[in-house]
Amino acid sequence: QPDRILDLLEIAAYVFAADRLAPRGSTTSVEYHNWARMMKFRIRVRDAPFWNRKDVAQKLSSALLFMTGDRDYHFEFEPGRQALPAHLFDKEEFRLEAPGPTSVVLFSGGLDSLGGALDRLCSTDEQVCLVSHRSGQPSIKHTQESLVAALNRMYPGRVAHYSFECGLTGFRAPEETQRTRAFLFGATAFAVARALSLTNYFVYENGITSMNFRRRQDLINARASRTTHPATNAHMADLLSEIAGEPFRVVNPYWSQTKTDVLQGLRDRGGEGLLGSAVSCSTTIRTEGDATHCGYCYQCVDRRLASFAAGLDEVDDCGIYCHDIFTGGIEPPVARTTVVDFVRQARDFARSRPDGFLAEHADEL
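Describing the nonpolar core
Counting residues in hydrophobic clusters, the biggest one holds 51 residues, and the most contacted among them are F75, V104, F183 and Y201. By residue number, the principal contributor to this core is helix α7 (residues 181-195), which donates 10 residues. In this structure, Y201 is in contact with V104, L106, G186, A189, F190, M236, L240, F248, R249, V250 and V251, ignoring residues within four places of it in sequence. Within the second largest apolar cluster, 28 residues are counted, among which are A117, Y204, V251 and Y254.

Written out as C-alpha cells, the structure is:
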C-alpha cells in the first residue's frame with residue numbers, strides 16, 4: 001500500500017512540526033491542563049477512504065494521545081493529494097532489495113540503539129538496516145555516521161544506514177519535548193520495513209527508560225516521556241497493522257534490561273571502544289568546547305550512574321561531559337533536582353517489596 005505509506009510519512013511529518021510549534025506549559029506549570037494540548041489537523045491525503053475509517057482514526061489518535069499525554073488529537077482527511085515526489089522514498093537509490101534475511105532497527109546514535117545494533121549483528125547473520133531521524137543538528141549526523149562506519153568495520157557488508165531529515169528550519173522551535181518524534185521515527189522504520197517485505201521493526205530501549213517511572217509527583221502525563229513505553233509500541237503496532245493489511249509488530253528486545261545491562265552487553269560484544277562516540281544527552285545545545293554531553297540532564301545522569309554500575313566509568317570518560325556531577329558543584333537548580341530525584345528513586349526502589357512496588361506504580365505499569 002505505497003499510497004498509505006506516503007500518507008503516513010506526511011501525516012507524521014505534519015504532526016511532528018505541529019508538536020514543535022505548539023508550546024506546552026513551562027516547568028513551573030505543574031498542573032496537567034497546562035501541559036496537555038488539543039491538536040486538530042486537516043490534511044489532504046491520497047487514500048482518504050482508509051484514513052477516514054473510524055477504526056483507523058481511533059487507532060491513530062490513541063497512539064498519539066498515549067505517547068504525548070495531550071488531551072485530544074482530531075484529524076480530518078480530505079482527498080486530492082497528488083503522488084508528487086516525496087524525497088528519499090521516490091529516489092532511485094532508495095529502491096530497497098534485501099540480499100537475505102534483514103532486520104530494521106531504529107538508530108538514534110545513543111547507547112541503547114548502539115547496543116541493539118551491535119547485539120543484532122553479533123547474535124544473527126542478518127543484514128541490519130539502521131533507520132535514523134535527524135532534525136537538523138550537524139552533531140547528530142556526525143555521531144550517527146561515525147558509529148555506522150565503526151559498525152561496518154566490525155561487520156563488513158552487513159550494515160545499511162537510511163537517515164531521514166525532518167524538522168523546522170530558520171528558527172528555534174518553541175517546544176523542545178518532541179513527544180511525537182517516536183511517531184515520526186516509527187513511521188519511517190515502518191516504510192523501510194514494508195519496502196523490504198518485513199512484518200516488524202526493532203526498537204532497543206532498556207525497560208527502566210521505557211517505563212519511565214515517575215521520580216516526582218508532577219512528572220506524569222505530558223511531563224513524562226513515553227516514547228518507547230510498551231503501550232506506545234502496542235498502539236503503534238495496532239495502527240501499522242491496519243496500514244499494512246496484516247499483523248505488524250514493534251519489538252523491543254531490551255524490555256527486561258536496565259541501562260547497566262545494556263552497557264555490559266556493549267562491552268561483552270566488543271563495543272567498549274564505541275562508548276565515547278555514542279551521544280545520550282538531551283540538551284547538547286548547552287555543551288561547550290569538545291564536550292558532547294551537558295552532564296546535567298536526565299539522560300546524562302542516567303548514563304553516568306549506569307557506567308559506574310557496569311564498571312565502565314573510566315571508559316565513559318568524564319571528558320565528554322561539560323559538567324561532572326561527581327567531582328564538581330551542581331549549580332543549576334534543575335540539575336540538582338534531577339540528581340536528587342535519582343537518589344530518591346534508588347532509595348525507594350531498594351526499600352520496595354514486589355507487592356508494594358506494584359501498588360505504588362500501578363498506573364505506570
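Focus: the packing of helix α10 (residues 259-268) against helix α11 (residues 298-309)
Packing of α10 against α11 leaves a shortest axis separation of 8 Å and a crossing angle of 60 degrees. Our classification of the angle between α10 and α11 gives oblique. The handedness of the crossing between α10 and α11 comes out as right-handed. Contacts between α10 and α11 involve K259, T260, L263 and Q264 on the former and, on the latter, D302, R303, A306, S307 and A309. The residue inventory of the contact of α10 with α11, partitioned by class, reads 3 nonpolar, 3 polar and 3 charged.

Remarks on the state of the cysteines
By definition, a disulfide links the sulfur atoms of two cysteine residues through a covalent bond. Scanning the model with the defined rule gives 0 disulfides in all. Here C281 is not disulfide-linked; the sulfur of C294 is the nearest cysteine sulfur, at 3.6 Å.

So, the layout of surface pockets
By volume, the second largest pocket amounts to about 440 Å³. The wall of the second largest pocket is formed by 20 residues, among which D302, L305, F342, Q345 and A346 lie closest to the centre. Among the residues making up the lining of the second largest pocket, the classes are represented as 13 nonpolar, 5 polar and 2 charged.

What about unusual backbone geometry?
Phi is positive for S197, close to 60 degrees, though the residue is something other than glycine. Position of S197 among the secondary structure elements: in the loop between α7 and β6 (200-202). Residues other than glycine seldom take positive phi values, yet N212 does so here, at roughly 50 degrees.

Some details on the packing of aromatic side chains
Each aromatic ring pair is summarised here by two numbers: the centre-to-centre distance and the angle between the ring planes. Counted under the stated rule, the structure contains 14 aromatic pairs. Ring geometry for F190 and F248: centres 4.9 Å apart, planes at 80 degrees, overall edge-to-face. Of this pair, F190 sits in helix α7 while F248 is found in the loop between α9 (230-244) and β7 (249-251), placing the two residues 58 residues apart along the sequence. Through pairs of rings, three or more aromatic residues link up here, namely F41, F50, W51, Y73, F75 and F77. One residue, R4, lies across the ring of F50, its end atom 4.1 Å from the ring centre.

Details of the side chain of S280
Mapped onto the fold, S280 is located in the loop between α10 and α11. According to the relative accessible area criterion, S280 is buried, its value standing at 15%. At 3.0 Å, the side chain of S280 and the side chain of R303 are in polar contact. Among all residues touching S280, those that are not within four sequence positions of it are L111, H293, Q299 and R303.

Notes on the pairing of strand β3 (residues 102-106)
Taken across its 5 residues, β3 has 5 buried, putting it largely inside the fold. Of the two faces of β3, both are covered, the one formed by T102, V104 and L106 as well as the one formed by S103 and V105. Pairing of β3 with strand β4 (residues 127-134) involves 5 bridges; the strand directions are parallel. Bridging from a neighbouring strand, T102 pairs with Q127 of β4. In terms of handedness, the path from β3 via helix α5 (residues 111-123) over to β4 forms a crossover that is right-handed.

Some remarks on the pattern of salt bridges
Under the counting rule described, the total for this entry stands at 23 salt bridges. A salt bridge links R37 to D19; its shortest N-O distance comes to 2.7 Å. Here R37, found in the loop between α2 (32-35) and β1 (38-45), pairs with D19, found in helix α1 (residues 2-21); they are 18 residues apart in sequence, far enough to count as distant. Judged on exposure class, the residue R37 and its partner D19 are both buried. A network of salt bridges, in which partner residues are shared, links R53, D55, K59, D238 and E242.

How each quantity is defined
- Residues numbered from 1 in each chain as written.
- Predicted model: local features only at pLDDT ≥ 70, side-chain atom pairs only at ≥ 80, totals over all residues.
- Heavy atoms only, no water.
- Core = buried A, V, L, I, M, F, W, Y, C linked by side-chain atoms within 4.5 Å.
- Buried < 20%, exposed > 50% of the residue type's maximum accessible area, 1.4 Å probe, protein only.
- Helix = DSSP H or I, 4+ residues; strand = E, 2+ residues; numbered from the N terminus.
- Contact = heavy atoms within 4.5 Å.
- Axes fitted to C-alpha atoms, helices over the stretch in contact; angles between N-to-C directions.
- Parallel < 35°, antiparallel > 145°, perpendicular 65-115°, else oblique.
- Left-handed = near helix turned anticlockwise from the far one by under 90°.
- Nonpolar A, V, L, I, M, F, W, Y, C, P; charged D, E, K, R; others polar.
- Disulfide = S-S within 2.5 Å.
- 1 Å grid on protein atoms, 1.4 Å probe; cavity = no way out; pocket = protein on both sides within 12 Å on 5 of 7 lines; lining within 4 Å.
- Points joined across faces, edges and corners; volume = space filled by probe spheres on them.
- Phe/Tyr/Trp six-rings, centres within 6.5 Å; stacked < 30°, edge-to-face > 60°.
- Lys NZ or Arg CZ within 6 Å of the ring centre and 35° of its normal.
- Polar contact = N/O pair within 3.5 Å; in protein donor to acceptor, adjacent residues only side chain to side chain.
- Pairing = 2+ DSSP bridges.
- Right-handed = clockwise from strand over helix to strand, strands pointing away.
- Salt bridge = Lys/Arg side-chain N within 4 Å of Asp/Glu carboxyl O.

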